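Remarks on the overall topology
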Amino acid sequence: MTAPGAVPVDSRPASRFGGPGLGAYRHALQDLELVRRAGWVRQVQGLAIQAQGLDATVGELCRIRPRLAARGPQAQGCANDLSSENAGVLAEVVGLHAGHVTLLPYGSLQGVSAGAEVLALGRASMFGVGPAQIGRVIDGFGEPLDGGARPTTVRSVPLHGAPVNPMKRPPVSRVLETGVRAIDGLLTLGQGQRVGIFAGSGVGKSTLLGMISRHVKADVNVIALIGERGREVRDFIDKQLGPEGLRRSVVVVATADQPALARIRAAHAAVAIAEYFRDQGQQVLLTMDSVTRLAMARREVGLSAGEPPTARGYTPSVFAELPQLCERFGTSDTGGAITALLTVLVEGDDFNEPISDNLRAILDGHIVLSRALAHGGQYPAIDVLQSTSRLRTDLTDSAERELVGRVTRHISLIERNRQMVDIGAYEAGTNPLLDQALRRDTALREWMTQRDGGFDRSLALDQLRSFMAEAATHPAPGAKTGGPR
């Protein structure tokens, strides 16, 4: 209640110095955070931080500020300066327990000790997106890694976006031309399809991704390099991607030396960027190398949060996150689409290990790279018999399907009799179908071998039809041409 004769605060005139009235100050005070949610570090075990007295939710960002003695004399003067949000270590709440919460850091824990202050920042993970990120190399926080200024963003979006309503997804109906003959001709992909590239280490996954990124017919490339060695990141950008590919790409990097949360954040940041361009009606190609290292990072987080290990130590949250991530890809009612190429690093060349087996059931196809074919000089070393595109029949006509079927039967027949032919136990003319397959084999291997991308799909199919028809009209050397004896 206002006292008799008193002037209400909002109606007081501005000061005689021309400043604002007290009402403006009241509104400014209303916007201030007068209560801080804070706790303190109780224990650090590995990378897991246990904080006591902190009122925070799972997924909320926190700032861990070292004690005064750990900051040094120069930092003690600004010990109470809470406006410096970047002071200390950024961490995220990953688990809740009776009496404490578990956090994992985004950076080094140097200087953090028991009793260090932990401030809840009051927000979940957000990420800024915008067209200025095209042509740039950034980390999971949007900070530049290429030496330029921070890219200007136009919108902040949740790092963990919601998938598109399945009833609002248009069907995949348009072919995506990658410029790689073996994929475009035998494993046709569509705009909005989700495909895994399965291979062991050193078989050529990054080379294939670079070839596709340079020449694919898409509006924007979003490339996520998760858990890669620092040297390989530079080599991929300079040699595999090149200036031509970088001009229409956004490269999000989290190297192997970064904490698990930083690697997970970079993967989700790449998806958030792809979703932004998809919502603008653009065709986006998202390549992630590799989703296996993302699963390993999530396993590390789950174990630190107290989850029980299951198959090969992977926690249940790993197998829950992979489908959630993959369902954010695909077509949209905006007219745009996210086509995803996710590399899967197969441990010990075991294609039935848990992550590979799980992703084959989630994705819309898989491309398998064979170490044996790579050792034989075929690059890209695509094993057609082990690979499949679940949407190929929907994207091709009957003539193309018949051609692919003939090629597949030819390769299958060759592989079944490979050992017998190699040791010289097969006599030409014994099996006419095998004779035709052997005549086609050299031309087909040369057709599948490709040093660079950018090959036109229609021309690739014409070449395939040509030598398939030519081989069928010429008898094999030494073949039996007479009647039965």
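Before any of the text, the structure's been laid out above.
Below is a summary of the structure that appears in this document. (Residues numbered from 1 in each chain as written. Predicted model: local features only at pLDDT ≥ 70, side-chain atom pairs only at ≥ 80, totals over all residues. Heavy atoms only, no water.)

A few words now on the packing of aromatic side chains. Enumeration according to the criterion identifies three aromatic pairs in this entry. Between Y276 and F277, the ring centres sit 5.1 Å apart and the planes meet at 70 degrees, which makes this aromatic pair edge-to-face. Grouping residues by exposure puts Y276 and F277 together as buried. With a centroid separation of 6.3 Å and 70 degrees between ring planes, the pair formed by Y314 and F319 is classed as edge-to-face. A relative accessible area of 0% places Y314 in the buried class. (Phe/Tyr/Trp six-rings, centres within 6.5 Å; stacked < 30°, edge-to-face > 60°. Buried < 20%, exposed > 50% of the residue type's maximum accessible area, 1.4 Å probe, protein only.)

Attention now goes to unusual backbone geometry. For the peptide bond that leads from D289 to S290, omega is 5 degrees, which places it in the cis range. Within the element layout of this structure, S290 appears in the loop between β15 (283-289) and α8 (291-304). A cis amide bond links Y379 with the next residue in sequence, P380, at an omega value of -5 degrees. By the secondary structure assignment, P380 is in the loop between α11 (371-375) and β19 (388-389). Backbone geometry places R312, a non-glycine residue, at a positive phi of 55 degrees. (Helix = DSSP H or I, 4+ residues; strand = E, 2+ residues; numbered from the N terminus.)

Before going further, it helps to examine the environment of L373. Tracing the backbone through its elements, the reader meets L373 in helix α11. Residues L373 and V203, 170 residues apart in the sequence, show an inter-C-alpha distance of 9.1 Å. Look past the residues within four positions of L373 in its chain and what remains in contact with it is Q378, A381, I382, D383 and R445. (Contact = heavy atoms within 4.5 Å.)

Moving on, we get to the pattern of salt bridges. The full count for this structure, using the stated rule, is 26 salt bridges. Between R37 and E60 there is a salt bridge whose closest N-O contact spans 2.5 Å. Within this pair, whereas R37 is found in the loop between α1 (22-30) and β1 (38-45), its partner E60 is found in strand β3 (residues 60-65), the two being separated by 23 residues in sequence. Residue R37 is classed as partly exposed on the basis of its relative accessible area, which comes to 26%. For E232, the salt bridge identified is with R231, shortest N-O distance 4.0 Å. Each member of the salt-bridge network shares a partner with another, and the members are R229, R231, E232 and D235. (Salt bridge = Lys/Arg side-chain N within 4 Å of Asp/Glu carboxyl O.)

Another point: the nonpolar core. Within the largest apolar cluster, 58 residues are counted, with the highest numbers of intra-cluster contacts made by V222, I273, M288, V291, F329, L342 and L359. Looking at this core, the element that brings in the most residues is helix α7 (residues 260-279), giving 14 residues. Not counting chain neighbours up to four residues away, the residues in contact with M288 comprise A224, I226, A267, V271, L294, L325, L341, L342 and T343. Residues L186, L373, V384 and M468 belong to the second largest nonpolar core, which totals 48 residues. (Core = buried A, V, L, I, M, F, W, Y, C linked by side-chain atoms within 4.5 Å.)

Moving on, we get to the pairing of strand β4 (residues 89-97). Of all nine residues in β4, seven are buried; the element is thus mostly enclosed. Bridge count between β4 and strand β5 (residues 100-105): six bridges; the pairing is antiparallel. Considered in β5, the bridge of G95 is made with T102. Hairpin connection from β4 to β5: two residues lie between these consecutive antiparallel strands, with G99 at a positive phi of about 95 degrees. (Pairing = 2+ DSSP bridges.)

Take helix α10 (residues 354-362) next. When we look at burial in α10, the residues that qualify are P354, I355, S356, L359, R360 and I362. Elements that come into contact with the buried residues of α10 comprise β12 (194-199), α8, α9 (316-326), β17 (337-345) and β18 (365-368).

With respect to the secondary-structure elements, D441 resides in helix α15 (residues 432-448). Leave out the neighbours within four places in its chain, and D441 touches H410, I414 and R418.

Further remarks concern the sheet that holds strand β6 (residues 117-124). Read around the closed barrel, the six strands follow the order β1-β2-β5-β4-β3-β6; overall the barrel is antiparallel. Pairwise comparison of adjacent strand axes, ignoring direction, gives a mean angle of 45 degrees for this sheet. Relative to β5, strand β2 (residues 48-52) runs antiparallel, the two sharing four bridges. Note on β5: the bridge partner recorded for I49 is L103. (Axes fitted to C-alpha atoms, helices over the stretch in contact; angles between N-to-C directions.)

As a further point, take the environment of E143. Counting through the fold element by element, E143 comes out in the loop between β8 (137-138) and β9 (155-158). E143 gets classed as partly exposed once you look at its relative accessible area, which sits at 37%. Note: C-alpha distance between E143 and V252 (109 residues apart in sequence) is 9.7 Å. Within the structure, the side chain of E143 is placed 2.3 Å from the side chain of R150, a separation counted as a polar contact. (Polar contact = N/O pair within 3.5 Å; in protein donor to acceptor, adjacent residues only side chain to side chain.)

With that settled, the discussion passes to the side chain of H100. In this structure, H100 sits in strand β5. H100 sits in the buried class, given a relative accessible area of 13%. Not counting residues within four places of it along the chain, the set of residues in contact with H100 comprises R42, Q50, A51 and Q52.

Fair warning: the whole summary comes from geometry, so function is off the table for now.
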